[in-house]
Amino acid sequence: MGIKAFVKVSIRVSSRYVYLFGPADQKITRVVNITAGLEKPLKIEPISFDLADRISYSIKETEQGQHFLVRLTSIPGTAGRFHGVLKLKTNYPEKPEITIYIRGRFQKKRAGLSSGKAG
């Protein structure tokens, strides 16, 4: 005889790991969906962010107390590899903190190269 259990997730996060990569001169954006899993309204606010020189972020509440979009966008002109985190505080004692891990690689265009082939 087995035991059956239903585990209710207090907060659903679409991705805890975000990867941004591409040309350094373009804006590259990724979005993380955060959804409340409990009946009570969810509130989130930023605690810390260590990539402010490379990435901007915004938090938009799309459904009051239930759904949020966290938009991460690269700041054009920053080349190289990096990693960091965005930490968010919640009002849920079951899940007081959400950590989103961010990795990226932005490449500068190489000077003197053309996309055409030599004939």
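Located above this text is the structure these notes cover.
Just so it is clear, the structure is predicted and the values come from calculations on it, not from any experiment.

S.K.: Explain the environment of Tyr92 here, please?
M.R.: Position of Tyr92 relative to the elements: it lies in the loop between strand 7 (80-90) and strand 8 (97-107). C-alpha separation for the pair Tyr92 and Ala36, spaced 56 residues apart in sequence, amounts to 9.5 Å. With residues near it in sequence (within four places) discarded, Tyr92 still touches Ser10, Ile11, Ala36, Leu38, Lys40, Pro41 and Leu42.

S.K.: How should I be thinking about the side chain of Ser74 in this particular structure?
M.R.: Mapped onto the secondary structure, Ser74 falls in strand 6 (residues 67-74). Among the polar contacts listed, one links the side chain of Ser74 to the backbone oxygen of Gln26, at a separation of 3.2 Å. A polar contact is formed between the side chain of Ser74 and the backbone nitrogen of Ile28, at a distance of 2.8 Å. The contact partners of Ser74, leaving out residues within four places of it in the chain, are Gln26, Lys27, Ile28, Arg54, Ile55 and Phe106.

S.K.: What's the story with a nonpolar patch on the surface in this structure? I'm lost.
M.R.: Together, Tyr17, Tyr19, Phe21 and Tyr101 make up a nonpolar patch on the protein surface, roughly 470 Å² of accessible area in all. If you tally residues by element for the nonpolar patch, the top one is strand 2 (residues 17-23), at three residues. By secondary structure assignment, the location of Phe21 is in strand 2.

S.K.: Any chance you could explain the sheet that holds strand 7 here in plain terms?
M.R.: Hydrogen bonding along the main chain pairs the strands of a sheet, whether they run parallel or antiparallel. The four strands are arranged 2-8-7-4 in an open sheet whose pairing can be described as mixed. Both outer strands of the open sheet, strand 2 and strand 4 (44-49), are each paired with one neighbouring strand and no more. For this sheet, the mean inter-axis angle between neighbouring strands, taken without regard to orientation, is 25°. Alignment of strand 4 against strand 7, held across five bridges, turns out to be antiparallel. Residue pairing across strands places Pro46 opposite Leu88, the latter belonging to strand 7.

S.K.: Whenever I open this one, the pattern of salt bridges confuses me. Can you help?
M.R.: Pairs can form between side chains of opposite charge once their charged atoms are near each other. Tallied over the full model, the rule gives three salt bridges. Across the salt bridge formed by Glu94 and Lys40, the nearest N and O atoms sit 3.8 Å from each other. Highlighted residues: Glu94 in the loop between strand 7 and strand 8 and Lys40 in the loop between strand 3 (29-36) and strand 4, separated in sequence by 54 residues. Judged by relative accessible area, Glu94 falls into the partly exposed class, the value being 48%. Relative accessible area serves as the criterion here: at 33%, Lys40 is assigned to the partly exposed category. A salt bridge links Glu45 to Lys89; the shortest N-O distance between them is 3.7 Å.

Here is what the cut-offs are and how they apply
Residues numbered from 1 in each chain as written. Predicted model: local features only at pLDDT ≥ 70, side-chain atom pairs only at ≥ 80, totals over all residues. Heavy atoms only, no water. Helix = DSSP H or I, 4+ residues; strand = E, 2+ residues; numbered from the N terminus. Contact = heavy atoms within 4.5 Å. Polar contact = N/O pair within 3.5 Å; in protein donor to acceptor, adjacent residues only side chain to side chain. Patch = residues over 30% accessible without salt bridge, like charges linked within 9 Å, V, L, I, M, F, W, Y side chains within 5 Å. Areas by Shrake-Rupley, 256 points an atom, 1.4 Å probe, with all protein chains shown as cover. Salt bridge = Lys/Arg side-chain N within 4 Å of Asp/Glu carboxyl O. Pairing = 2+ DSSP bridges. Axes fitted to C-alpha atoms, helices over the stretch in contact; angles between N-to-C directions. Buried < 20%, exposed > 50% of the residue type's maximum accessible area, 1.4 Å probe, protein only.

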